[in-house]
Amino acid sequence: MKKFIRSLGFAWAGIAFAVQNERHMRIHVLVAAAVILLGAFLSLTGVEWVMLLLTMALVIVAEMVNTAVEKVVDLASPERHALAKTAKDVAAGAVLLAACFAVFIGFIILGPPLWHVITAGSQ
Ligand SMILES: Nc1ncnc2c1ncn2[C@@H]1O[C@H](COP(=O)(O)OP(=O)(O)OP(=O)(O)O)[C@@H](O)[C@H]1O
């Protein structure tokens, strides 16, 4: 049990590091908070919440793995190397892909009810 709590502490330190030191991570967290507020305002269904939360989690997890890859590459290869470039670029590509899908899914889920609120308000 003591070991588990210690491991939780290390994991929490990793999350705190990413939020404190990675600008992109802070942007993802802020966008996720805004989407959660918007979702609450639009009274989404349970399935819509699950899909939104999964996509936001995917982006944040991808960003954290990207940060870990960057740190390991910087440690293993401070000098320039083609493999170091590939590792960093592939990890960054994973974040970009996850973010693009999240934007797409966000539009599909939030777009119609938001449009309904906007058009109902203008009548
Ligand atoms: N050791 C290296 N060897 C070869 N290319 C590298 C190396 N380190 C970085 N690069 C290239 O430079 C790009 C930018 O690297 P950098 O370390 O600044 O990461 P970043 O993606 O800008 O991350 P950050 O989120 O910290 O700004 C990488 O995506 C990669 O293409």
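As the structure is a prediction and not an experimental result, all values here were calculated from the model.

J.: What should I look at first to understand the site of the ligand in this one?
T.: In the neighbourhood of the ligand, the contacting residues comprise Glu22, Glu70, Ser77, Glu79, Arg80, His81, Ala84, Lys85, Lys88 and Asp89. A distance of 3.2 Å separates a nitrogen atom of the ligand from a polar atom in the side chain of Arg80. His81 places a main-chain nitrogen or oxygen 3.0 Å from a nitrogen atom of the ligand. Here the shell around the ligand gets four residues from one element, more than from any other, and that element is helix α4 (residues 82-121).

J.: It is not clear to me how the UniProt feature "binding site: substrate" (unreviewed entry) in the chain should be interpreted in this structure. Could you clarify?
T.: In the numbering used here, UniProt assigns the feature "binding site: substrate" (unreviewed entry) to Glu63. Structurally, Glu63 can be placed in helix α3 (residues 46-76). Among the residues examined, Glu63 registers a relative accessible area of 3% and is labelled buried. Residue contacts for Glu63: discarding those within four places in its chain leaves His24, Met25, His28 and Val95.

J.: I'm lost on the packing of helix α2 (residues 23-41) against α4 in this one. Help?
T.: Axes are the key here: two packed helices are described by the angle between their axes and the distance separating the axes. Following both chains from N to C, one finds α2 and α4 inclined at 25°, their axes separated by 11 Å at the closest point. By the angle between their directions, the pair α2 and α4 is classed as roughly parallel. Crossing angle aside, the handedness with which α2 passes α4 is left-handed. Facing His28, Val35, Leu38, Gly39 and Phe41 of α2, the residues of α4 in contact are Val95, Leu110, Leu114 and Val117. Considered class by class, the residues forming the contact of α2 with α4 number seven nonpolar, two polar and no charged.

J.: Hey, could you run me through the layout of surface pockets in this one?
T.: Over the atoms, a rolled probe matching the size of one water molecule traces out where space is still vacant. There is about 390 Å³ of room inside the largest pocket. Considering the residues around the largest pocket, the lining is formed by 18 residues, among which Val31, Val35, Ala102, Val103 and Gly106 are closest to the centre. Elements represented by at least two residues in the lining of the largest pocket include exactly α2, α3 and α4. Among the elements that take part in the lining of the largest pocket, α4 stands out by supplying eight residues, more than any other. Taken as a whole, the second largest pocket holds about 160 Å³ of empty space. Put simply, the parts of the chain that give the lining of the second largest pocket at least two residues each are α3 and α4. Considered class by class, the residues forming the lining of the second largest pocket number three nonpolar, two polar and five charged.

J.: Hey, could you run me through the nonpolar core in this one?
T.: One broad rule of soluble globular proteins: the nonpolar side chains tend to lie buried together. One finds Ala32, Val35, Leu42, Leu44, Leu52, Met56, Ile109 and Leu110 forming the largest nonpolar core, which totals eight residues. Elements that contribute at least two residues to this core include exactly α2, α3 and α4. The contact partners of Leu44, leaving out residues within four places of it in the chain, are Gly39, Trp49, Leu52, Ile109, Leu110 and Pro113. The next biggest cluster of nonpolar side chains, apart from the first, holds five residues, and it includes Ala62, Val95, Ala98 and Ala102.

J.: Explanation requested: the pattern of salt bridges in the structure shown.
T.: Scanning all chains against the criterion turns up two salt bridges. A salt bridge links Asp74 to Lys88; its shortest N-O distance comes to 2.7 Å. With a gap of 14 residues between them, Asp74 in helix α3 and Lys88 in helix α4 connect regions that are remote in the sequence. With a relative accessible area of 28%, Lys88 lands in the partly exposed category.

Parameters and conventions
Residues numbered from 1 in each chain as written. Predicted model: local features only at pLDDT ≥ 70, side-chain atom pairs only at ≥ 80, totals over all residues. Heavy atoms only, no water. Near = heavy atom within 4 Å. Polar contact = N/O pair within 3.5 Å; in protein donor to acceptor, adjacent residues only side chain to side chain. Helix = DSSP H or I, 4+ residues; strand = E, 2+ residues; numbered from the N terminus. UniProt positions renumbered as here; feature names shortened; annotations may be inferred. Buried < 20%, exposed > 50% of the residue type's maximum accessible area, 1.4 Å probe, protein only. Contact = heavy atoms within 4.5 Å. Axes fitted to C-alpha atoms, helices over the stretch in contact; angles between N-to-C directions. Parallel < 35°, antiparallel > 145°, perpendicular 65-115°, else oblique. Left-handed = near helix turned anticlockwise from the far one by under 90°. Nonpolar A, V, L, I, M, F, W, Y, C, P; charged D, E, K, R; others polar. 1 Å grid on protein atoms, 1.4 Å probe; cavity = no way out; pocket = protein on both sides within 12 Å on 5 of 7 lines; lining within 4 Å. Points joined across faces, edges and corners; volume = space filled by probe spheres on them. Core = buried A, V, L, I, M, F, W, Y, C linked by side-chain atoms within 4.5 Å. Salt bridge = Lys/Arg side-chain N within 4 Å of Asp/Glu carboxyl O.

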